[in-house]
Number of protein chains: 2
Amino acid sequence: MERRRRDGGGAVLRERDPEARRERLLEAAGGVFAETGYGGGSVRAIARVARVNVASVNYYFGSKEGLYREVLLRAHRQVMEAEPEPEVGGDAREALRGWVGYCLRFVLLRRASHPVLGRLMAHEMRQPTVALSELVTLVIRPKFEQLAVVVAAVAGGGMGREASELAAHQIVGMCVHFDHSREVVERLGYRVPGGEVEIAELAESVAEMALGGLAGMVRSGKGRTKRIFK
Amino acid sequence: MERRRRDGGGAVLRERDPEARRERLLEAAGGVFAETGYGGGSVRAIARVARVNVASVNYYFGSKEGLYREVLLRAHRQVMEAEPEPEVGGDAREALRGWVGYCLRFVLLRRASHPVLGRLMAHEMRQPTVALSELVTLVIRPKFEQLAVVVAAVAGGGMGREASELAAHQIVGMCVHFDHSREVVERLGYRVPGGEVEIAELAESVAEMALGGLAGMVRSGKGRTKRIFK
DNA sequence: GGCATTATGAAACGCCTGTTTATAAACACT
DNA sequence: AGTGTTTATAAACAGGCGTTTCATAATGCC
């Protein structure tokens with residue numbers, strides 16, 4: 001079948017600056033994907049926010065997925081530059097407090113300048129894309145093993161490796177819950193914090209529960225015989 | 001513009017049993033929505049599973065949303081009939097263990113006969129629909145307040161109401177994490193349990209951390225002065 | 001100036017979605 | 001047998017999606 005001729009629309013002003021366009025697209029995509037996740041964000045919405053034609057997404061990034069990958073890489077790079085690592089040396093209990101604070105900041109902090117990686121990862125956890133495995137080995141696993149080490153140190157030899165990791169999962173669960181289930185948590189009357197000070201308060205509470213819980217596990221000897229990892 | 005005539009397809013075998021069709025649709029929709037959430041499941045997929053025409057969804061339930069609401073109601077009814085309530089009377093610590101076990105069973109259990117409400121609610125938490133508020137007041141809030149009471153009882157007057165509720169949120173976080181972040185948790189080497197026995201083991205660990213954590217909070221007096229609820 | 005290269009925009013493509021319409025078969029009742 | 005209602009179906013509809021096409025405007029180069 002014959003295609004209709006199209007005339008391209010006549011004289012239009014064309015700003016021409018590839019670098020700026022690429023950057024605007026990445027910025028806009030970061031915001032959109034952080035808000036709605038990969039599947040929820042449409043390339044048309046991104047293009048609109050970036051004030052750019054839809055076709056530019058494919059021109060610059062090949063596909064929606066390509067754009068998403070670059071957004072993730074960029075966000076990861078920004079975090080590595082901007083966010084200070086948690087203190088894990090020295091006192092083990094203090095290290096655990098530091099880790100919890102770091103994790104909660106990562107997930108909850110809503111500063112304008114804050115990198116969007118935390119929210120992107122939250123969406124990945126809920127609805128994984130092909131990028132999840134990469135993200136796990138690149139970002140999540142190192143952080144998680146760091147926590148597992150801290151947990152083992154807090155237990156002071158009172159817990160096996162498997163029990164430490166299980167406890168670490170539970171601690172992570174406490175942290176991410178306030179973001180993952182935000183809608184429910186807020187409907188139940190808790191105002192999920194978004195500022196530095198409030199997040200620090202929440203972190204103190206979570207760390208307190210973790211520290212007390214670990215102490216209890218060590219006392220009861222529950223951490224010794226478990227064998228529930230594969 | 002004039003519409004083309006359609007002939008309806010001639011002689012086809014038609015099974016005629018409204019009740020069974022409605023039931024098949026609800027069953028199929030329960031499975032599909034439990035797997036992919038409301039947004040992720042398409043009416044065409046549901047109709048295919050139910051071996052029913054697409055239009056039947058709108059004929060019987062008005063809309064996709066109407067079908068979803070009935071699925072939720074049905075699932076809730078099934079749970080109320082099938083799943084035993086957790087023991088909350090008697091010893092407070094034992095009550096907490098009971099609650100955690102109930103919550104984990106609710107979220108993780110994958111028996112063929114198990115109601116799908118847990119998985120539907122998990123999707124609602126991640127991506128709320130208009131049904132979430134209803135679900136919160138109908139199912140989640142009662143359970144949550146039950147937990148908050150148990151937590152306060154375990155603390156034995158050593159925690160204020162707000163601190164009890166915050167601790168309750170943290171405990172819920174530990175429970176739902178293993179389902180919400182299943183993909184990540186499994187990639188980190190933990191096999192998320194789906195059977196009764198394993199779930200009970202996990203529940204013991206979570207309850208242990210909660211009990212120890214609450215004890216620690218009471219000891220340190222952290223539960224007294226907090227004022228971070230709105 | 002002439003020409004190839006790169007970048008941009010409007011529209012189309014093909015596929016999916018939930019929903020509606022028109023037809024028709026099956027049933028209930030007279 | 002005839003009539004009216006309920007139930008079932010295939011096809012159309014309207015709109016969204018990611019992607020592609022193609023003409024053209026802007027640029028770099030000779």
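Once a new chain begins, its residue numbering starts again from 1 and follows that chain's sequence as written. Chains and ligands are labelled by the order in which they are written, letters from A for the one and numbers from 1 for the other. Given that the model is predicted, a residue must reach a pLDDT of at least 70 before its local features are reported, and side-chain atom pairs must reach 80 or more before they are shown or counted; all residues, however, enter totals for whole chains, interfaces and linings. To obtain the side-chain values, all non-hydrogen atoms of the structure were used and water was disregarded.

Peer 1: Any details on the overall build of chain A? Residues and values, ideally.
Peer 2: Looking only at helices and strands, chain A features ten helices and zero strands. Put simply, DSSP H or I for four residues or longer makes a helix, DSSP E for two residues or longer makes a strand, and each gets a number counted from the N terminus. Put simply, chain A runs from its N terminus to its C terminus through helices and strands in the order α-α-α-α-α-α-α-α-α-α. Seen through its C-alpha atoms, chain A measures out along the principal axes to roughly 80 × 40 × 35 Å. Here chain A holds 230 residues, and 53% of them are scored as buried. Whether two residues are in contact is decided by their heavy atoms, any of which lying within 4.5 Å being enough. Put simply, 70% of the contacts in chain A that link residues at least 6 apart link residues at least 24 apart. Throughout, the Shrake-Rupley method with a 1.4 Å probe supplies accessible areas, and for residues the shown protein chains are the sole cover considered. Of the roughly 11500 Å² that chain A leaves accessible, carbon and sulfur atoms contribute 51%. Buried, partly exposed and exposed residues are distinguished by accessible area as a fraction of the type maximum, computed with a 1.4 Å probe on protein chains only: under 20%, between the cut-offs, and over 50%, respectively.

Peer 1: So what's going on with the interface of chain B and chain A? Residues and values would help.
Peer 2: With 51 residues of chain B in contact, the opposing surface of chain A contributes 51 residues. Simply put, the buried area is the total loss of 1.4 Å probe accessible area from both parts when two parts are fitted together. Both sides together, the interface formed by chain B and chain A hides about 5000 Å², and carbon and sulfur atoms give 63% of it. When residues of chain B are sorted by the area they lose upon contact with chain A, Arg 187, Leu 188 and Met 209 of chain B head the list and together hold 14% of the total. Salt bridges, as used here, are contacts in which a Lys or Arg side-chain nitrogen is within 4 Å of a carboxyl oxygen on Asp or Glu. For the pair chain B and chain A, the number of links is zero salt bridges. With 14 residues, helix H10 (residues 196-220) of chain B is the single largest residue contributor to the side of chain B that touches chain A. Residues are grouped as follows: nonpolar covers Ala, Val, Leu, Ile, Met, Phe, Trp, Tyr, Cys and Pro; charged covers Asp, Glu, Lys and Arg; every other residue, Gly included, is treated as polar. Looking at the side of chain B that touches chain A residue by residue, the class counts come to 25 nonpolar, 14 polar and twelve charged.

Peer 1: Mind laying out the nonpolar core, listing which residues take part and the relevant values?
Peer 2: To form a nonpolar core, buried Ala, Val, Leu, Ile, Met, Phe, Trp, Tyr and Cys residues must be joined to one another through side-chain atoms within 4.5 Å. Counting residues in hydrophobic clusters, the biggest one holds 147 residues, and the most contacted among them are Leu 96 of chain A together with Leu 96 of chain B. Every residue in contact with Leu 96 of chain B, bar those within four places of it in the chain, is listed here: Leu 147, Val 150, Val 154, Ile 171, Ala 210, Leu 211 and Leu 214 of chain B.

Peer 1: Describe in detail the relation of the copies chain B and chain A, supporting the description with residues and values.
Peer 2: Mapping chain B onto chain A calls for a rotation angle of 180° and an axial translation of 0.0 Å; the resulting RMSD is 0.1 Å. These values place the two chain copies in the arrangement generated by a two-fold rotation axis. Scanning chain B for the C-alpha nearest the rotation axis identifies Gly 213 of chain B, at a separation of 2.1 Å. When the interface residues of chain B are mapped onto chain A, 100% of them again lie at the interface, so the same face is used by both copies. A least-squares fit on C-alpha atoms brings the copies together, and the residues used are those whose pLDDT is at least 70 in both copies.

Peer 1: Break down helix H3 (residues 54-61) of chain B for me, with residues and values.
Peer 2: An α-helical turn contains 3.6 residues, so any two residues separated by three or four positions project in the same direction. All names here are of chain B. Here H3 has its buried residues at Ser 56, Val 57 and Phe 61. For H3, the arc enclosing every buried residue in end-on projection is 110°, short of the 170-degree limit, so these residues lie on one face. Each element contacted by the buried residues of H3 is listed here: helix H1 (18-40), helix H2 (43-49) and helix H4 (64-82). Any N or O atom pair separated by 3.5 Å or less is treated as a polar contact, with the protein-specific requirement of one donor-capable and one acceptor-capable atom, and with residues adjacent in sequence counted only for side-chain atom pairs. With a side-chain oxygen positioned 2.8 Å from the backbone nitrogen of Ala 55, the residue opening H3 is Asn 53. After H3 finishes, the residue Gly 62 shows a positive phi value of roughly 85°. The directions considered for the arc run from the helix axis to the C-beta atoms.

Peer 1: Give a description of the packing of helix H1 (residues 18-40) of chain A against helix H3 (residues 54-61) of chain A that names residues and reports values.
Peer 2: All names here are of chain A. Axes here refer to lines fitted to C-alpha atoms; in helices the fit is confined to the stretch in contact. Angles between the N-to-C directions go from 0 to 180 degrees. Where H1 contacts H3, the axes come no closer than 11 Å and their chain directions differ by 105°. It follows that H1 is roughly perpendicular to H3 by the angle criterion. When H1 is examined against H3, the residues Pro 18, Arg 21, Arg 22, Leu 25 and Leu 26 are found in contact with a partner set consisting of Ser 56, Val 57, Tyr 60 and Phe 61. In terms of residue class, the contact of H1 with H3 is built from six nonpolar, one polar and two charged. Oblique is the label for any angle not under 35 degrees, not over 145, and not in the 65 to 115 range, which are roughly parallel, roughly antiparallel and roughly perpendicular in turn.

Peer 1: Any chance you could break down the packing of helix H10 (residues 196-220) of chain A against H10 of chain B for me, citing the residues and the numbers?
Peer 2: Where H10 of chain A contacts H10 of chain B, the two axes come as close as 6 Å, and the packing angle between them is 115°. Classed by the angle they form, the pair H10 of chain A and H10 of chain B counts as roughly perpendicular. Like other packed secondary-structure pairs, H10 of chain A and H10 of chain B cross with a definite hand, here right-handed. Seen from H10 of chain A, the contacting residues are Ser 205, Glu 208, Met 209, Ala 210, Gly 212, Gly 213, Leu 214, Gly 216, Met 217 and Ser 220 of chain A; seen from H10 of chain B, they are Ser 205, Glu 208, Met 209, Ala 210, Gly 212, Gly 213, Leu 214, Gly 216, Met 217 and Ser 220 of chain B. With the far helix as reference, a near helix turned anticlockwise by less than a right angle produces a left-handed crossing, and one turned clockwise produces a right-handed crossing.

Peer 1: Report on the packing of aromatic side chains, specifying residues and quantitative values.
Peer 2: Any pair of aromatic rings gets described here by the distance separating the centres and the angle formed by the planes. Residue and element names in this part refer to chain A. The rule is short: rings of Phe, Tyr and Trp, with Trp giving its six-membered ring, pair when the centres are within 6.5 Å, and they are stacked under 30 degrees, edge-to-face over 60, tilted in between. Taken as a whole, this structure holds 14 aromatic pairs over all chains when the rule is applied. Site record: aromatic cluster; members linked through ring pairs are Phe 33, Tyr 38 and Tyr 68. We note Lys 64 situated over the ring of Tyr 38; from NZ or CZ to the ring centre the distance is 4.6 Å. Only Lys NZ and Arg CZ are tested; either one counts as a charge over a ring when it is within 6 Å of the ring centre and within 35 degrees of the ring normal.

Peer 1: Tell me about the environment of Glu 35 of chain B, and name the residues and values.
Peer 2: In this structure, Glu 35 of chain B sits in helix H1. Along the primary structure Glu 35 of chain B and His 123 of chain B are separated by 88 residues, whereas in three dimensions their C-alpha atoms are 8.7 Å apart.

Peer 1: Explain unusual backbone geometry to me, using residue names and the numbers behind them.
Peer 2: Phi is positive for Arg 51 of chain A, which is not a glycine, with a value near 55°. Looking at where Arg 51 of chain A falls in the secondary structure, it is placed in the loop between helix H2 (43-49) and H3.

Peer 1: Give a description of the state of the cysteines that names residues and reports values.
Peer 2: All names here are of chain A. Disulfides are defined in this document as cysteine sulfur pairs within 2.5 Å. As enumerated under the stated definition, the model contains zero disulfides over all chains in all. No disulfide involves Cys 175; its sulfur sits 4.1 Å from the nearest other cysteine sulfur, which is in Cys 103. Here Cys 175 falls in the buried class, since its relative accessible area comes to 0%.

Peer 1: Requested: an account of the pattern of salt bridges, with residues and values cited.
Peer 2: Side chains that carry opposite charge are capable of pairing whenever their charged atoms lie near each other. Residues and elements named next belong to chain B. All chains considered together, the criterion is met by 33 salt bridges over all chains. Note that Glu 196 is salt-bridged to Arg 105, the shortest N-O span being 2.2 Å. Here Arg 105 lies in helix H5 (residues 92-108) and Glu 196 lies in helix H10, a separation of 91 residues in the sequence.

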